[in-house]
Amino acid sequence: MQRVWKSLRPIITIRGEISQRQGQIIFVLALITIASVYSALAYSDTDKILPTWDKLWIGVGKVITDPATGDHYLWEDTFASFGRILPAIGLSSLIGIIIGMYMGVYGAAEAFLSRILTFLGNIPANALMVVFFSYFGFGLKMYIAVIISGTVSMIALSVYEAVKAIGSEEIYQLKMQGASSSEIVWSVLFWQVLPHILTAVRATFGPALIYTIAAEWISASDGFGYRIMMFKRSARMELIFPYVAYLGLLGIFTQTVFKFAERILCPWYEKGDK
Amino acid sequence: MPWKQHDIVLQCQGVHKTFGTQRVLGDVNLGIARGQFVSLVGGSGSGKSTLLNMIVGTHTPTLGSVLAYREGSLQEVVGHGPDRGMVYQNYALLPHLTAIHNVALGPMFSQSTIPGRTFGQMFGSWREKRKQQLTEAEKLLVRLGLGDVMNKFPAKLSGGERQRVAIARSLIMKPGILLLDEPFSGLDEGILIEVRNILRALYQENVEACKRGEAPPLTVIVVTHSLQDAVRVSDRVIGISRHWNHEAEDLKEHPGSSIVYDDLAPVYSADDILDAGRIMHQAKEIYRVVLEGRNLSRTQHCRFWDRVAAGEGHGVMQFKNGDNK
């Protein structure tokens, strides 16, 4: 009895160290809890809001391949939405990194931009969407404009803060070693703040997806936003739920890709201890 | 000036420094001969780091000028230059580069440009050059006892190893003057001995060069709050203090800290036995003058050049200007 208590004690202790196995068991318990709560709530075949497991399973098959039309909704929409998100985040990162790097090293660039960027960063991009509809219509340009307006200040400000946190001694030292301004910024500081850049870019995927779905709701004929809207019109929750779950998994996948990139590109970087 | 007949590589002429209304340094006059190892001591806030920063080029004097030897003559210090190396207290190593790449960074920047490296990479000429630079860095690291850890990132190095990497990074630029800011703080005793030994070995090279009739390669200024270390690793100790008697010099306002102590100190070669009694004695004297002293006369304890003139100088100071040319 005492032994069982001893092994369970860390679970209710602050900063208690639980074993990896215990962690896994607790995670499985969480899944079981969610599934049972859902089962208890979704019991009726006629309930449109909470479809039963059987219906949900048919829905999963349908979003992967629709037997009626032969469409592969999930795959096609991923392609359509990411075709909008990726070029936009790429461009936004490029602009944000350049602005952030220079704001971190030149006081004038900092004074010129930091307050303006903070202001722009506080405007919800969704509110600006109508402006971009009238400027760019409903094509790719509009999506890029919306996503950039919503994410560029996020990236620029975090790059700026990361560069700003680097001690002046290091920069003096580089000057003594004969480094030019461009070399200091791009050959040294860029690589040094790369982990922060990756984190910042990774963090923009969430907001970018929000803006894209919102814009697709209104204007597109494919993509996640459009599809969810269509499903919603016919109140088909058994199709919407798999979609939403897929978006969650896609987010985890993106994070994993970025963490992998960090490990390859920044082998020196260790969070926490050091 | 009393140092006329010596080969001066660093000179401060009437240097004043104020930050806003705060007068930090007032009328600092200083000449350091080629090959000397000088310790700079003073209480907290006495301005010793400010003086170091003016020599390295981070700050400019409010009044007066700092001159350093470059390309055959004494020239006013403007900004940072490869002729003056600095080892900061926090070492300022780049965390994303291994020890050897931290050291080989200076040669890369001083011997090539971004377009040069990009095109050189394509045609192969740069790779050859880079190999030479890395070999040079490796030799230096091995000499400082870091052969085993040169492929580690700074986060994986101990404090003493990081400091030696920082010293190597400065030495590879072959600076005429090397400045060390608090090199002895935060290190445990075993590593302290190694750092002192490195400094003694470098001084020994200077003396050997003088004996061969060549110019000694490296002049060192060490800022430290450890008085015993100051006496141990240098051939001259300079103390600065706020508490000197400006009224005796007909100055109405106090202009800031100035030099109140300047005397010979014994440098020992790596295998000499230390004369602990003499070190303690001098450290006590410095403590009395620089840290405790009030209303000091600026000339009373500044005997360095008089002693050199009387032939008491040792180390590189045994050799007059001309002997080593």
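Residues numbered from 1 in each chain as written. Chains lettered and ligands numbered in written order. Predicted model: local features only at pLDDT ≥ 70, side-chain atom pairs only at ≥ 80, totals over all residues. Heavy atoms only, no water.

Can you tell me about the overall build of chain A, naming the residues and giving the values?
On a plain count of helices and strands, chain A comes out with 11 helices and 0 strands. Listing every helix and strand of chain A by position from the N terminus yields α-α-α-α-α-α-α-α-α-α-α. In terms of overall dimensions, chain A is more spread out than a globule: its C-alpha atoms have a radius of gyration of 24 Å, far above the 19 Å expected for 274 residues. When its C-alpha atoms are laid out on the principal axes, chain A stretches across 75 × 70 × 30 Å. Sorting the 274 residues of chain A into buried and exposed places 41% on the buried side. Of the roughly 16,100 Å² of accessible surface on chain A, 67% is carried by carbon and sulfur atoms. One finds the centroid of the 22 positive side-chain charges in chain A at a distance of 5 Å from the centroid of its 19 negative side-chain charges. (Helix = DSSP H or I, 4+ residues; strand = E, 2+ residues; numbered from the N terminus. Rg over C-alpha atoms; globule rule 2.2 N^0.38 Å. Buried < 20%, exposed > 50% of the residue type's maximum accessible area, 1.4 Å probe, protein only. Areas by Shrake-Rupley, 256 points an atom, 1.4 Å probe, with all protein chains shown as cover. Lys, Arg positive; Asp, Glu negative; His and termini not counted. Charge placed at Lys NZ, Arg CZ, Asp CG, Glu CD.)

Can you tell me about helix 4 (residues 125–143) of chain B, naming the residues and giving the values?
All names here are of chain B. Taking 1.5 Å per residue, 19 residues should reach 27 Å; helix 4 reaches 28 Å between its end C-alpha atoms and fits that length. Turning to helix 4, its buried residues number three or more, namely W126, R130, Q133, A137, L140 and L141. The buried residues of helix 4 occupy an angular sector of 100° when projected down its axis, which confines them to one face. Exposed side chains of helix 4 directed beyond 90 degrees from the buried face belong to K131, Q132 and K139. Close packing links the buried residues of helix 4 with helix 2 (99–111), helix 3 (114–123) and helix 5 (159–171). (Expected span 1.5 Å × (residues − 1). Arc of directions from axis to C-beta. Contact = heavy atoms within 4.5 Å.)

Requested: an account of a nonpolar patch on the surface, with residues and values cited.
All names here are of chain A. On the surface, V4, W5, L8, I11, I12, I18 and I26 cluster together into a nonpolar patch covering about 640 Å² of accessible area. At 3 residues, helix 1 (residues 2–8) tops the list of elements feeding residues into the nonpolar patch. With respect to the secondary-structure elements, V4 resides in helix 1. (Patch = residues over 30% accessible without salt bridge, like charges linked within 9 Å, V, L, I, M, F, W, Y side chains within 5 Å. Salt bridge = Lys/Arg side-chain N within 4 Å of Asp/Glu carboxyl O.)

Tell me what's going on with the confidence of the model for chain A, and back it up with residues and numbers.
Here chain A shows a mean pLDDT of 91. Residues at 70 or above account for 99%. Predicted confidence in chain A is weakest over helix 1 of chain A, with a mean pLDDT of 84, and strongest over helix 4 (residues 73–105) of chain A, with 96. (pLDDT = per-residue confidence, 0-100.)

Tell me about the pairing of strand 3 (residues 37–42) of chain B, and name the residues and values.
Residue and element names in this part refer to chain B. Where burial is concerned, most of strand 3 is hidden: 6 out of the 6 residues are buried. The two faces of strand 3 match: F37, S39 and V41 on one face and V38, L40 and G42 on the other face are all buried. Summarising the sheet, strand 3 and strand 8 (residues 219–223) pair through 4 bridges and their orientation is parallel. Opposite S39, over in strand 8, you have V222 as the bridge partner. Relative to strand 9 (residues 236–241), strand 3 runs parallel, the two sharing 5 bridges. (Pairing = 2+ DSSP bridges.)

Residues and numbers for the interface of chain B and chain A, please.
It is common to report an interface's size as the accessible area lost on association of the parts. With 30 residues of chain B in contact, the opposing surface of chain A contributes 20 residues. Taken over both partners, the interface formed by chain B and chain A buries close to 2,100 Å², and the fraction arising from carbon and sulfur atoms is 66%. By the criterion of area lost to chain A, the three top residues of chain B are H80, H96 and F109 of chain B, representing 30% of everything that side buries. Our count for the chain B to chain A interface comes out at 1 salt bridge. With a closest N to O distance of 3.0 Å, E183 of chain A and R117 of chain B form a salt bridge. (Buried area = accessible area lost by both parts, 1.4 Å probe.)

Mind laying out the sheet that holds strand 2 (residues 22–33) of chain B, listing which residues take part and the relevant values?
All names here are of chain B. Strand order in this open sheet of 4 strands is 2-1-4-5, and the pairing throughout is antiparallel. Single-partner strands in this sheet number two, and they are strand 2 and strand 5 (73–76). For this sheet, the mean angle separating the axes of adjacent strands, direction not counted, is 25°. In terms of strand pairing, strand 1 (residues 8–19) meets strand 4 (residues 63–70) through 5 bridges, oriented antiparallel. Within the sheet, the bridge partner assigned to C12 lies in strand 4 and is V66. Its contacts with the sheet put helix 1 (residues 48–56) on strand 1, strand 2 and strand 4, and the angle it makes with strand 1 is roughly 120°. (Axes fitted to C-alpha atoms, helices over the stretch in contact; angles between N-to-C directions.)

For helix 11 (residues 237–265) of chain A, give the residues involved together with the corresponding values.
Residues and elements named next belong to chain A. Spanning 29 residues, helix 11 covers 42 Å between terminal C-alpha atoms, matching the ideal 42 Å at 1.5 Å per step. Every buried residue belonging to helix 11 is among M237, E238, L239, I240, P242, Y243, Y246, L247, L250, T254, F258 and E262, and all of these are buried. Of the surrounding elements, those touching the buried residues of helix 11 are helix 3 (53–64), helix 4, helix 9 (181–219) and helix 10 (224–233).

For the environment of S181 of chain A, give the residues involved together with the corresponding values.
Residue and element names in this part refer to chain A. Along the chain, the position of S181 falls in helix 9. Under the relative-accessibility criterion, S181 is labelled partly exposed at 45%. When the C-alpha atoms of S181 and I210 are compared, they prove to be 38 Å apart, with 29 residues separating the residues in sequence.

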